[in-house]
Amino acid sequence: MAKKTTKHFESAMEELEQLIYALEEGKLSLDESIKSYKKGIELAAFCTDMLQQAEQQVYILDQNKWNKMNGEEENE
């Protein structure tokens with residue numbers, strides 16, 4: 001299995017956009033298209049996971065802010 005590397009959301013999105021463009025152009029061989037499609041699925045899953053994590057962090061921050069505004073103790 002390939003070694004996982006740390007990526008940033010923005011660079012993953014940029015790479016995904018480039019793959020989509022290459023696939024839409026229709027100039028890739030069948031093998032290149034399949035490899036690009038597989039990589040695109042992996043990048044899309046990575047980006048979805050990153051967005052879900054960010055959404056959860058925002059939710060927690062909002063809850064903490066709400067608790068502070070209401071005089072409740074912050075739970076960490």
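Residues numbered from 1 in each chain as written. Predicted model: local features only at pLDDT ≥ 70, side-chain atom pairs only at ≥ 80, totals over all residues. Heavy atoms only, no water.

A.B. asks: Sorry if this is basic, but what is going on with the overall build of the protein here?
C.D. replies: Along its length, the protein carries 2 helices and 0 strands. Looking at the protein residue by residue over its 76 residues, the buried ones come to 12%. The contacts in the protein between residues at least 6 apart in sequence include a share of 57% that link residues at least 24 apart. Total accessible area on the protein stands at roughly 6,800 Å², and carbon and sulfur atoms take up 55% of it. (Helix = DSSP H or I, 4+ residues; strand = E, 2+ residues; numbered from the N terminus. Buried < 20%, exposed > 50% of the residue type's maximum accessible area, 1.4 Å probe, protein only. Contact = heavy atoms within 4.5 Å. Areas by Shrake-Rupley, 256 points an atom, 1.4 Å probe, with all protein chains shown as cover.)

A.B. asks: Whenever I open this one, the nonpolar core confuses me. Can you help?
C.D. replies: Nonpolar side chains in soluble globular proteins generally cluster together in the buried interior. In this structure, Ala 12, Leu 16, Leu 19, Leu 43 and Cys 47 together form the largest nonpolar core, which totals 5 residues. Sorting the residues of this core by element identifies helix H1 (9-25) and helix H2 (30-69) as the ones contributing at least two each. Here this core gets 3 residues from one element, more than from any other, and that element is H1. Beyond its immediate sequence surroundings of up to four residues, Leu 43 is in contact with Lys 7, Ala 12, Glu 15, Leu 16 and Leu 19. (Core = buried A, V, L, I, M, F, W, Y, C linked by side-chain atoms within 4.5 Å.)

A.B. asks: I would appreciate a short explanation of a nonpolar patch on the surface in the present structure.
C.D. replies: Taken together, Leu 23, Tyr 37 and Ile 41 make up a surface patch of nonpolar side chains, about 300 Å² in accessible area. When you line up the elements, Tyr 37 lands in helix H2. Among the residues examined, Tyr 37 registers a relative accessible area of 54% and is labelled exposed. (Patch = residues over 30% accessible without salt bridge, like charges linked within 9 Å, V, L, I, M, F, W, Y side chains within 5 Å. Salt bridge = Lys/Arg side-chain N within 4 Å of Asp/Glu carboxyl O.)

A.B. asks: Just checking my understanding: could you explain the packing of H1 against H2 for this structure?
C.D. replies: Any two packed helices are characterised by how steeply their axes cross, that is the angle between the axes, and by the distance between the axes. Packing of H1 against H2 brings their axes to within 9 Å, and their N-to-C directions diverge by 150°. If you check the angle between H1 and H2, you find them roughly antiparallel. For H1 against H2, the interelement crossing comes out left-handed. Between H1 and H2, the contacting residues are Phe 9, Ala 12, Met 13, Glu 15, Leu 16, Leu 19 and Leu 23 on the first element and Ser 33, Ser 36, Tyr 37, Lys 39, Gly 40, Leu 43, Ala 44, Phe 46, Cys 47, Met 50 and Leu 51 on the second. Across the contact of H1 with H2, the residue classes break down as 13 nonpolar, 3 polar and 2 charged. (Axes fitted to C-alpha atoms, helices over the stretch in contact; angles between N-to-C directions. Parallel < 35°, antiparallel > 145°, perpendicular 65-115°, else oblique. Left-handed = near helix turned anticlockwise from the far one by under 90°. Nonpolar A, V, L, I, M, F, W, Y, C, P; charged D, E, K, R; others polar.)

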